[in-house]
2 protein chains.
Amino acid sequence: MSRPRGRPPGGPGAERNREGILGAARELFAEKGFERTTMRSVATRAGVDAALIHHYFGTKRGLLLAALRPPEDLTTDVRRRLVEVRAGSGEVGVELVRAVVTLWDEHPEVRHRMIALIRVALVDDDVAESFRTLVVGMVSGMLGDLIRPDRSEERIALAVSQTMGLAMSRFIIALPPIAEASADELASTVGVTVHRYLTGDL
Amino acid sequence: MSRPRGRPPGGPGAERNREGILGAARELFAEKGFERTTMRSVATRAGVDAALIHHYFGTKRGLLLAALRPPEDLTTDVRRRLVEVRAGSGEVGVELVRAVVTLWDEHPEVRHRMIALIRVALVDDDVAESFRTLVVGMVSGMLGDLIRPDRSEERIALAVSQTMGLAMSRFIIALPPIAEASADELASTVGVTVHRYLTGDL
């Protein structure tokens, strides 16, 4: 989660305000795209002062990334599962693909955020930079020391490239053999690739 | 190349008209996006009658796909190289990635069309359907019997998913380890994956 700058306003309303802002931002980014959404319009829809948005999220880009980030408890869940998999000497990359596809399939709000994030990043070069930071950070956070240490930056980039291509093929372009495959099938085709990228010889 | 419907107007001006229409379409799709480009505006810019565009390309979607398709002589070139590679018992998938990355790097107009195609397909569901047909057709055309015959539709989809993810990571999101890698480096990391998808055990 994005840390608010400085000391956040305390009290029971703070978290509610923060969530209200993120919800309004998601709606407006989806309706109008990144460029045409203003901080002021988000403030109006959320019923808060625009200064509060700046306080919590800094810039509009910071707001976008916070709004489209998957809920932290879910990524923590994936991380926990992967650690177990390795403890049982299972294949981390295979399990990662299974877990991520299951997350997308079972949590439409996570899937929608991921699709929105890809769409926005692809048409706006500034957002693309923030996308890089967010996605690489998220993957490193989930995987951490489960990645083989040599060439680890390259390993993460390769895993992201395949996972992003998978998301596009399954949900956006909807190539039938990928759109219709089960999480288990994708774990055995695409998962083996991601496992090699994360832990194998390159 | 898209075949004109019925009998094309003959004479030396026909090919020039066709190219003029495609050039005008590329400019307008890039400037205004798919939705806001009209057949009439393409006709005006190309200096032809709108009926001629319908004659050559059918619908606006047909025009888009013809405009963004890579030049046929280049894909034929890639196909020829892949056939040679297999004759020398080289790895087709590895060589495919090397050839495609080289094509993108050395021919900015091919790279731009590919990026535009991905961007348009990602924001417009109707175009996504045509994108599927175009890309799967192009890949089948280039690869043909170089693909292992069992599960071939799935193999193509997997190869497309990784190649699309590679294009996004290299040119749009610009993940440094992928954006800065040479065609040879990507052939040995990503190419091995594509080779497995096309010819290996899934």
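As the structure is a computational prediction, the values presented were derived from the model and not from experiment.

This part takes up the interface of chain B and chain A. Residue-level contacts link 38 residues of chain B with 38 residues of chain A. Both sides of the chain B and chain A interface together cover about 3,200 Å² of buried area, and 67% of this is carbon and sulfur. Across the chain B-chain A interface, the total number found is zero salt bridges. Applying the counting criterion to the chain B and chain A interface returns 16 residue pairs in polar contact (both at pLDDT 80 or more). Elements with a contribution of two residues or more to the side of chain B that touches chain A: helix H7 (108-123), helix H8 (125-143), helix H9 (152-172), helix H10 (176-179) and helix H11 (183-199) of chain B. The element best represented in the side of chain B that touches chain A is H9 of chain B, accounting for 13 residues.

Here we take up helix H5 (residues 72-87) of chain A. Owing to its 3.6 residues per turn, the α-helix brings residues three or four apart onto one side. Residue and element names in this part refer to chain A. When the terminal C-alpha atoms of H5 are compared, their 23 Å separation across 16 residues agrees well with the 22 Å that a helix rising 1.5 Å per residue should span. If you check which residues of H5 are buried, you get Leu-74, Thr-75, Val-78, Leu-82 and Val-85. The arc that holds the buried residues of H5, viewed along the axis, is 95 degrees, so those residues lie on one side. Structural note: H5 exposes Asp-73, Glu-84 and Ala-87 on the side pointing more than 90 degrees away from its buried face. Where the residues of H5 are buried, they touch helix H6 (92-106), helix H7 (108-123) and helix H8 (125-143). One or two positions beyond H5, positive phi appears at Ser-89, with a value near 50 degrees.

Here we come to a positive patch on the surface. Where like charges cluster on the molecular surface, the positive patch consists of Lys-32 and Arg-36 of chain A together with Lys-32 and Arg-36 of chain B. In this fold, Lys-32 of chain B is placed in helix H1 (residues 13-32). A relative accessible area of 36% means that Lys-32 of chain B is categorised as partly exposed.

With an RMSD of 0.0 Å, chain B superimposes on chain A once it is rotated by 180 degrees and translated 0.0 Å along the axis. Here the transformation between the copies is reduced to the relation of a two-fold axis. Closest approach to the rotation axis among the C-alpha atoms of chain B is made by Gly-165 of chain B, whose C-alpha sits 2.0 Å away. With an isologous cut-off of 70% or more, the 100% of interface residues of chain B that recur at the interface of chain A puts this contact in the isologous class.

With that settled, the discussion passes to the layout of surface pockets. Roughly 1,300 Å³ of internal volume is contained in the largest pocket. Around the largest pocket, the lining comprises 38 residues; the ones closest to its centre are Arg-119 and Val-123 of chain A together with Arg-119, Val-120 and Val-123 of chain B. Listing elements by their share of the lining of the largest pocket, those giving two or more residues are helix H1 (13-32) and H7 of chain A together with H1 and H7 of chain B. By volume, the second largest pocket is sized at about 210 Å³. In this structure, the second largest pocket is lined by 13 residues; those nearest its centre are Arg-69, Glu-72, Thr-75, Met-138 and Gly-141 of chain A. Sorting the residues of the lining of the second largest pocket by element identifies H5 and H8 of chain A as the ones contributing at least two each. Examining the composition of the lining of the second largest pocket, we find that six residues originate from one element, H8 of chain A, more than from any other. Across the lining of the second largest pocket, the residue classes tally to five nonpolar, five polar and three charged.

Mean pLDDT over chain A works out to 89, with 94% of the residues at or above the 70 mark. Scored as a whole, the predicted complex attains pTM 0.87, and scored at its interfaces, ipTM 0.86.

Residues and elements named next belong to chain B. Inspection of the entire model under this criterion finds 22 salt bridges over all chains. Residues Arg-98 and Asp-184 are paired through a salt bridge, measuring 2.6 Å at the closest nitrogen-oxygen approach. Here Arg-98 is found in helix H6 (residues 92-106), whereas its partner Asp-184 is found in helix H11, with 86 residues between them in sequence. Residue Arg-98 is classed as partly exposed on the basis of its relative accessible area, which comes to 26%. The exposure class assigned to Asp-184 is partly exposed, which follows from its relative accessible area of 49%.

To continue, consider the side chain of Glu-95 of chain B. All names here are of chain B. With respect to the helices and strands, the residue Glu-95 is situated in helix H6. The class for Glu-95 is buried, based on a relative accessible area of 13%. Looking at Glu-95, its side chain comes within polar contact range of the side chain of Arg-98, at 3.2 Å. Apart from residues lying up to four places away in sequence, Glu-95 is in contact with Arg-81, Leu-82 and Val-85.

We describe a pair of aromatic rings using the distance from one ring centre to the other and the angle between the two ring planes. All chains considered together, the criterion is met by six aromatic pairs over all chains. Centroid distance Trp-104 of chain A to Phe-171 of chain A: 5.6 Å. Interplanar angle 85 degrees. Geometry classified as edge-to-face. Remark: Phe-171 of chain A occurs in helix H9 (residues 152-172) and Trp-104 of chain A occurs in helix H6; sequence separation between them is 67 residues. Over the aromatic face of Phe-34 of chain B sits the side chain of Lys-60 of chain B, whose NZ or CZ is 4.6 Å from the ring centroid.

Residues and elements named next belong to chain A. Two elements in contact, H7 and H9, have axes whose closest approach is 11 Å; the angle formed by their N-to-C orientations is 110 degrees. Here H9 runs roughly perpendicular to H7, going by the angle between their axes. On the side of H7, the interface is formed by Arg-111, Met-114, Ile-115, Ile-118 and Arg-119, while H9 contributes Met-164, Ala-167, Met-168, Phe-171 and Ile-172. In terms of residue class, the contact of H7 with H9 is built from eight nonpolar, no polar and two charged.

The rules we used
Counting starts from 1 at the beginning of each chain's written sequence and moves along it residue by residue. Chain letters start at A and ligand numbers start at 1, both assigned in the order the entries are written. Two thresholds apply to this predicted model, a pLDDT of at least 70 for residue-level local features and 80 or more for giving and counting side-chain atom pairs, whereas whole-chain, interface and lining totals are computed over all residues. Computation of side-chain values covers all heavy atoms of the structure but excludes hydrogens and water. For this analysis, residues touch if any pair of their heavy atoms sits within 4.5 Å. By buried area we mean how much accessible surface two parts lose on assembly, using a 1.4 Å probe and totalling the loss over both. Put simply, a salt bridge is a Lys or Arg side-chain nitrogen that is within 4 Å of an Asp or Glu carboxyl oxygen. By the criterion applied in these results, polar contacts are pairs of N or O atoms within 3.5 Å in which, for protein atoms, one can donate a hydrogen and the other can accept it, and in which residues neighboring in sequence qualify only through two side-chain atoms. By the criteria applied, helices consist of DSSP H or I runs no shorter than four residues and strands consist of E runs no shorter than two, each listed in order from the N terminus. The span you would expect from a helix comes to 1.5 Å times its residue count less one. Exposure is judged per residue with a 1.4 Å probe applied to protein chains only, and the accessible area is read against the type maximum: over 50% gives exposed, under 20% gives buried, and values in between give partly exposed. The arc in question is the one spanned by the directions pointing from the helix axis to the C-beta atoms. For patches, a residue must show more than 30% relative accessible area and have no salt bridge; joins then use 9 Å for like charges and 5 Å for nonpolar side chains, namely Val, Leu, Ile, Met, Phe, Trp and Tyr. All accessibility values rest on the Shrake-Rupley procedure with a 1.4 Å probe; residue burial counts only the protein chains present in the view. Under the counting rule used here, the positive set is Lys and Arg, the negative set is Asp and Glu, and His together with the chain ends is not counted. The atom standing in for a charge is NZ when the residue is Lys, CZ when it is Arg, CG when it is Asp and CD when it is Glu. A residue counts toward the fit only if its pLDDT is at least 70 in both copies, and the copies are then superposed by least squares on the C-alpha atoms of those residues. Using only the protein atoms, space was sampled on a 1 Å grid; points where a 1.4 Å probe fits but cannot get out form cavities, open sets with protein on both sides within 12 Å along at least five of seven lines form pockets, and lining residues are those with an atom within 4 Å of a point. Grid points are joined across faces, edges and corners, and a volume is the space filled by probe spheres set on the points. By the convention adopted, Pro, Cys, Tyr, Trp, Phe, Met, Ile, Leu, Val and Ala count as nonpolar, Lys, Arg, Asp and Glu as charged, and the other residues, Gly among them, as polar. Each residue gets a pLDDT score, which is the predictor's confidence in that residue and runs from 0 to 100. Pairs were defined over the aromatic rings of Phe, Tyr and Trp, the Trp ring being its six-membered one, requiring ring centres within 6.5 Å. Orientation was assigned from the angle between planes: stacked under 30 degrees, edge-to-face over 60, tilted for the rest. Both a distance and an angle decide whether a charge sits over a ring: NZ of Lys or CZ of Arg must be within 6 Å of the ring centre and within 35 degrees of the ring normal. The axes used here are C-alpha line fits, helices contributing only the stretch in contact, and every angle between their N-to-C directions lies in the interval 0 to 180 degrees. Geometric relationships in this document are graded by angle, where less than 35 degrees denotes roughly parallel, more than 145 denotes roughly antiparallel, 65 to 115 denotes roughly perpendicular, and other angles denote oblique.

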